[in-house]
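Fold and contact review
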Amino acid sequence: MIEFKNATKQYGERLVLDNVNLQIQGGDWVWLMGPSGSGKTTLVLSLIGAVSLTHGNIIVDRYDLTKFNQKALQEYRRRLGIVFQDYKLLPKKTAYENVAFAMEACGYSEDQIKKRVDEVLEKVGLAAARHHFPHMLSGGEKQRVAIARALIHEPRLLIADEPTGNLDPKTAAGIVDLFQKLNIEGVTVIFATHNGNLLRQVNGKVLYVEEGKIRTVSA
Ligand SMILES: Nc1ncnc2c1ncn2[C@@H]1O[C@H](COP(=O)(O)OP(=O)(O)O)[C@@H](O)[C@H]1O
Ligand SMILES: [Mg+2]
């Protein structure tokens with residue numbers, strides 16, 4: 001489903017990804033581990049096409065995304081669910097509006113939007129907070145809004161970069177539980193974290209990023 005082939009990324013002298021080869025199958029749970037600065041975000045951004053490789057290829061469902069033009073990249077990204085550490089919510093929009101916003105640009109009717117937004121907010125356990133603004137939400141709730149927004153187009157692949165990085169351990173565990181529920185429903189999850197404690201919660205494939213290389217430990 002996803003294959004990195006000799007993926008190399010260099011920033012000036014710094015070789016961040018050094019001929020990385022790896023495969024991720026549909027339905028997998030993948031922990032992307034490694035200390036701060038090891039290259040996890042670079043790998044994630046290359047997989048969403050936001051960072052271009054110095055050389056090498058990334059094949060997703062038989063298509064080479066390093067060859068995509070802007071339009072193809074946009075379509076590809078729309079099929080992914082992407083979650084970041086800092087939530088990236090619009091501060092002047094409610095939870096509902098933050099999620100709806102992701103559909104508005106895509107030509108859906110108001111009824112379709114309402115039905116889908118209610119569905120995903122329910123799924124992440126936030127139905128009751130739908131009209132709250134981000135400043136009224138806890139960190140965990142803000143991340144649930146971001147996850148609801150990521151689910152809007154029913155992605156088969158969820159990519160999360162340190163999604164629990166700003167959360168206390170108990171709240172973080174709840175967020176991992178939510179991702180696990182989605183994974184059990186068949187969604188492929190790639191979860192980047194520097195926090196080894198989280199790994200005990202879900203038995204998956206572990207990719208360690210170390211000096212540009214990937215070491216794989218399969219569960
Ligand atoms: N845009 C950039 N320009 C130059 N160097 C970068 C850039 N992005 C990341 N780096 C460097 O690449 C290395 C890996 O960073 P990153 O992928 O963010 O690691 P991680 O997510 O594991 O903390 C770091 O040394 C970082 O300083
Ligand atoms: Mg990072």
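To keep things clear, this report deals only with the structure shown in the data block.

Scoring rules and cut-offs
- Residues numbered from 1 in each chain as written.
- Chains lettered and ligands numbered in written order.
- Predicted model: local features only at pLDDT ≥ 70, side-chain atom pairs only at ≥ 80, totals over all residues.
- Heavy atoms only, no water.
- Buried < 20%, exposed > 50% of the residue type's maximum accessible area, 1.4 Å probe, protein only.
- Helix = DSSP H or I, 4+ residues; strand = E, 2+ residues; numbered from the N terminus.
- Contact = heavy atoms within 4.5 Å.
- Near = heavy atom within 4 Å.
- Polar contact = N/O pair within 3.5 Å; in protein donor to acceptor, adjacent residues only side chain to side chain.
- Areas by Shrake-Rupley, 256 points an atom, 1.4 Å probe, with all protein chains shown as cover.
- Nonpolar A, V, L, I, M, F, W, Y, C, P; charged D, E, K, R; others polar.
- Pairing = 2+ DSSP bridges.
- 1 Å grid on protein atoms, 1.4 Å probe; cavity = no way out; pocket = protein on both sides within 12 Å on 5 of 7 lines; lining within 4 Å.
- Points joined across faces, edges and corners; volume = space filled by probe spheres on them.
- Expected span 1.5 Å × (residues − 1).
- Arc of directions from axis to C-beta.
- Salt bridge = Lys/Arg side-chain N within 4 Å of Asp/Glu carboxyl O.

On to helix 3 (residues 95-104). Those residues of helix 3 not exposed but buried are Ala95, Tyr96, Asn98, Val99, Ala100 and Met103. Along its buried surface, helix 3 packs onto helix 4 (110-123) and helix 5 (139-151).

Let's shift gears to the site of ligand 1. In the vicinity of ligand 1, the contacting residues are Tyr11, Arg14, Val16, Pro35, Ser36, Gly37, Ser38, Gly39, Lys40, Thr41 and Thr42. Note that an oxygen atom of ligand 1 is positioned 2.8 Å from one of the side-chain N or O atoms of lysine 40. Threonine 42 places a polar side-chain atom, nitrogen or oxygen, 2.6 Å from an oxygen atom of ligand 1. Relative to its free-state accessible area of 560 Å², ligand 1 is covered by the protein chains to the extent of 58%. Mapped onto the shell around ligand 1, the elements with two or more residues apiece are strand 2 (14-24) and helix 1 (40-47). Of the residues forming the shell around ligand 1, the biggest block, three residues, is contributed by helix 1. Of the residues assigned to the shell around ligand 1, the class counts are three nonpolar, six polar and two charged.

All right, on to the pairing of strand 4 (residues 55-60) then. One ladder, built from five bridges, connects strand 1 (residues 2-11) with strand 4; its direction is antiparallel. Across the sheet, the residue bridging to lysine 5 is asparagine 57, located in strand 4. Relative to strand 5 (residues 63-64), strand 4 runs antiparallel, the two being bridged by two bridges. Paired with isoleucine 59 across the strands is aspartate 64, a residue of strand 5. In textbook terms, the turn of a hairpin is the stretch between consecutive antiparallel strands, and for strand 4 and strand 5 this stretch comprises two residues, one of which, aspartate 61, has a positive phi near 50 degrees.

To locate leftover empty space, one rolls a probe as large as a water molecule over the atoms. Quantified by volume, the largest pocket comes out at close to 570 Å³. Those elements that provide at least two residues to the lining of the largest pocket are helix 2 (70-78), strand 6 (80-84), helix 3 and helix 5. Sort the elements by how many residues they give to the lining of the largest pocket and strand 6 lands first, with five residues. Across the lining of the largest pocket, the residue classes tally to 14 nonpolar, four polar and four charged.

Helix length check: helix 4, at 14 residues, gives a terminal C-alpha distance of 20 Å against a target of 20 Å (1.5 Å per residue), a fit within 8%. For helix 4, the set of buried residues is Ile113, Arg116, Val117, Val120 and Leu121. The buried residues of helix 4 all sit within an arc of 130 degrees when viewed along its axis, so they share a single face. Of the exposed residues in helix 4, those oriented more than 90 degrees away from the buried face are Asp111, Lys115 and Glu122. Tucked into the core, helix 4 has its buried residues touching helix 3 and helix 5.

The next subject is the pattern of salt bridges. Between side chains of opposite charge, a pair can form as their charged atoms come close. All chains considered together, the criterion is met by 12 salt bridges. We note a salt bridge from lysine 114 to aspartate 118, for which the minimum N-O separation is 2.7 Å. Residue lysine 114 and its partner aspartate 118 are located together in helix 4, separated by four residues, close to a single helical turn. Judged by its relative accessible area of 23%, aspartate 118 is partly exposed. A salt bridge links arginine 215 to glutamate 210, with the nearest nitrogen and oxygen atoms 3.2 Å apart. The partly exposed category is assigned to arginine 215, whose relative accessible area is 40%. A single network of salt bridges, built from pairs that share partners, joins Lys114, Asp118 and Arg130.

By themselves, these observations are geometric and do not establish any function.
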